[in-house]
Amino acid sequence: MKKRKYIRSAMMLLLAICCCIAMIFASVAEGLIPSAPSGVDPIVRVLLSRLNLTDRLDIQVTTPYGVAFGNGNELFVESGSKLAFILRNGCIYLYMDGLSLRMGDSVYLRRYADTQSTGNEKAGFFRINFEPLYLGDLSLCVNEGKLYPVLSIHVEDYLLGVVPYEMSDSFPVEALKAQTIAARTYVLRKADASKAYDVVDTTNDQVFKGYLPGFAQTEAAVADTRGVCGFYKGRLAQCYYSASNGGQMELVQSVWPTNEDFGYYTFGSDPYDVENPASTVRSFRINKTYTEKETAPYGLRKLLAVVLAEELAALGYDPAPESIQVHQVSDVLLDTPSSKDSLHLTRLSMKVSLSGRTRTDAPAVADPDDEEVYLFETPAPQTAEPTATPAPTQTPAPIYGSFELIPQPFSLQLPVFKTVENAFALNISGNFDNEIWTLVEDEKGYELQARRYGHGVGMSQRGAEWMAGTYEKAYTDILDFYYPGMELMRFHFADQAIPVPDQALAATAGPAPTVTPRPTLMPVTKPASSGQWYAVVTEISEDSSLNLRSRPDLSSDILMRLYKNQRLLVVQRCPEEGWVQVETDSISGYVMESYLTSE
């Protein structure tokens, strides 16, 4: 009995010692991050360009706000109030349930402390239209004939609206911490009091969508790294990052010409990004042999039609994708790196054996409704009668010859960007011609794979996810890997002080208007014919839209923007891979099928 008592006492002592050691290590780790220089303003100004405001802004406040306008004028609105700001003839008007007020060309919404609050964790909310919650103050002015909203928000609150959208709250928390520090460093470095705003709320800077409760891992990552930023040679670093680097980290000067010292970046391989199966990869398959019953992909025939147009025409063949038959493809090779040791290859070589066919345009058919011409006499006048509008004249179909084997194969050396990339639809980053291509050959053919989503500089978000989740790396390890010359330092930011409203002002309650709803979805009542089907726009977020284009091409005109859950009649799949023609009762155009879900 006494022996058991001694053993239990020894175990309790050992546990106490372990707890003390853990506390010591935690305090040491906290102390490893030195304090940053003071003097940095934690309030950042965000241009809310994503809202696409024109002449109206609807707001609902969840705590009291003051609406300042004119020369020292201020209107107090209580929690729950709904406000509509409408631009008319260059002037902003406020409407609140029967109250209308001319505000001038600028308005400032200042949040006040809610003296009636029962413990709201985040003070100072307002909601724009149907958007998430925004924490902070709002400046609203007129710029180029439109409403111009700039949010002033504490950097720690700003990060709650950035991190879960730049990454995902489902990512490992250590990856979210690395993302938080990179985003905090980026926005504080961008602060510039001489400009109207510091950052925009899109990928031109960082995606910011306001605050949504429930992202527990994000909130923990922001709280655990509060104030921590990256520094290089005593000043805030420039923490670039992208979704996926495709397996190789780029240097800043390789993407953006600069004389600035970015010695805290590195050029080299990133195995974590490549290993992550969630990293974006697009592929295009080419067979070595196509039988008479097989048709080569449209993208390959489109490429050959473009690069061989003059040669095919000189041989008397129609230089169009539908007039090309591919028989054999061989000697496919990727080479010509953009720089030494780069995986960014810029040339594709191949040898192809083809058949072509002639094309003769049919002669034009005379229109039977052409006006009769009288040469020798004036016709007698006739009483005009209403007639039906004639059907549009159809262009006669061309006459094609039979396919003929072209004896000599074609040896091609083609630029990957943009020629091959566009034909094969392997472009991932619209703003950069920097995808990393690889070639995989097997017994039956070749597969071209394109990787890299973004500029490839700095941290790969998919690489960070894999480092934290699979290899259990800490956020400091992740940052050291992607920014090896960067030092971490901590700002000791205080919470933003929220003023208490003047008692005489706060005594007046404010009524509420009706919020303008989202645009009504277009009806689709036309029955589906054979080969047609119904689909719904699903693969976009609630606050974004899908471009309906005039042609199946990303460079074609945008006819209108389709919202989520818009029902569509899919008329046909286009020869251009990935595109479909769609209709509603009021409009027709083209969209990418990947954004739709069939009913």
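This is a predicted model, so every value here is computed, not measured. (Residues numbered from 1 in each chain as written. Predicted model: local features only at pLDDT ≥ 70, side-chain atom pairs only at ≥ 80, totals over all residues. Heavy atoms only, no water.)

Turning our eyes to something else, we now look at the sheet that holds strand S9 (residues 125-128). Sheet strands line up and pair through hydrogen bonds in the backbone, either parallel or antiparallel. Strand order in this open sheet of six strands is S7-S6-S5-S2-S9-S10, and the pairing throughout is antiparallel. Edge positions in the sheet fall to strand S7 (99-104) and strand S10 (133-135), since each of these pairs with one other strand and no more. Adjacent strand axes in the sheet meet at a mean angle of 30° when their direction is disregarded. Note: strand S2 (residues 56-61) against S9, three bridges, orientation antiparallel. Each residue of the ladder has a partner; that of Ile 59, found in S9, is Ile 128. (Pairing = 2+ DSSP bridges. Helix = DSSP H or I, 4+ residues; strand = E, 2+ residues; numbered from the N terminus. Axes fitted to C-alpha atoms, helices over the stretch in contact; angles between N-to-C directions.)

This part is about the packing of helix H4 (residues 173-190) against helix H12 (residues 475-482). In the contact formed by H4 and H12, the axes pass within 8 Å of each other and the chain directions differ by 55°. On the basis of the axis angle, H4 is oblique to H12. Handedness of the crossing formed by H4 with H12: right-handed. Touching Glu 174, Ala 175, Lys 177, Ala 178 and Ile 181 of H4 are Tyr 475, Ile 478 and Leu 479, all from H12. Class assignment for the residues of the contact of H4 with H12 results in six nonpolar, no polar and two charged. (Parallel < 35°, antiparallel > 145°, perpendicular 65-115°, else oblique. Left-handed = near helix turned anticlockwise from the far one by under 90°. Contact = heavy atoms within 4.5 Å. Nonpolar A, V, L, I, M, F, W, Y, C, P; charged D, E, K, R; others polar.)

Let's shift gears to the confidence of the model for the protein. Any segment with low pLDDT has predicted coordinates that should not be analysed in fine detail. For the protein, the average pLDDT comes to 87, and 85% of its residues sit at 70 or higher. Between residues 370-378, whose pLDDT stays under 50, and residues either more than four places distant or in other chains, the model counts one contact. (pLDDT = per-residue confidence, 0-100.)

Attention shifts here to the sheet that holds strand S14 (residues 228-232). Read from one edge to the other, the open sheet built from three strands follows the order S15-S14-S29, with strand pairing classed as antiparallel. Looking at the sheet topology across the chains shown, the edges are occupied by strand S15 (235-236) and strand S29 (487-490). Where S14 meets S15, two bridges bridge the pair, whose relative direction is antiparallel. Within S15, the position partnered with Tyr 232 by the bridge is Arg 235. Relative to the sheet, H4 contacts S14, S15 and S29, its axis offset from that of S14 by approximately 65°.

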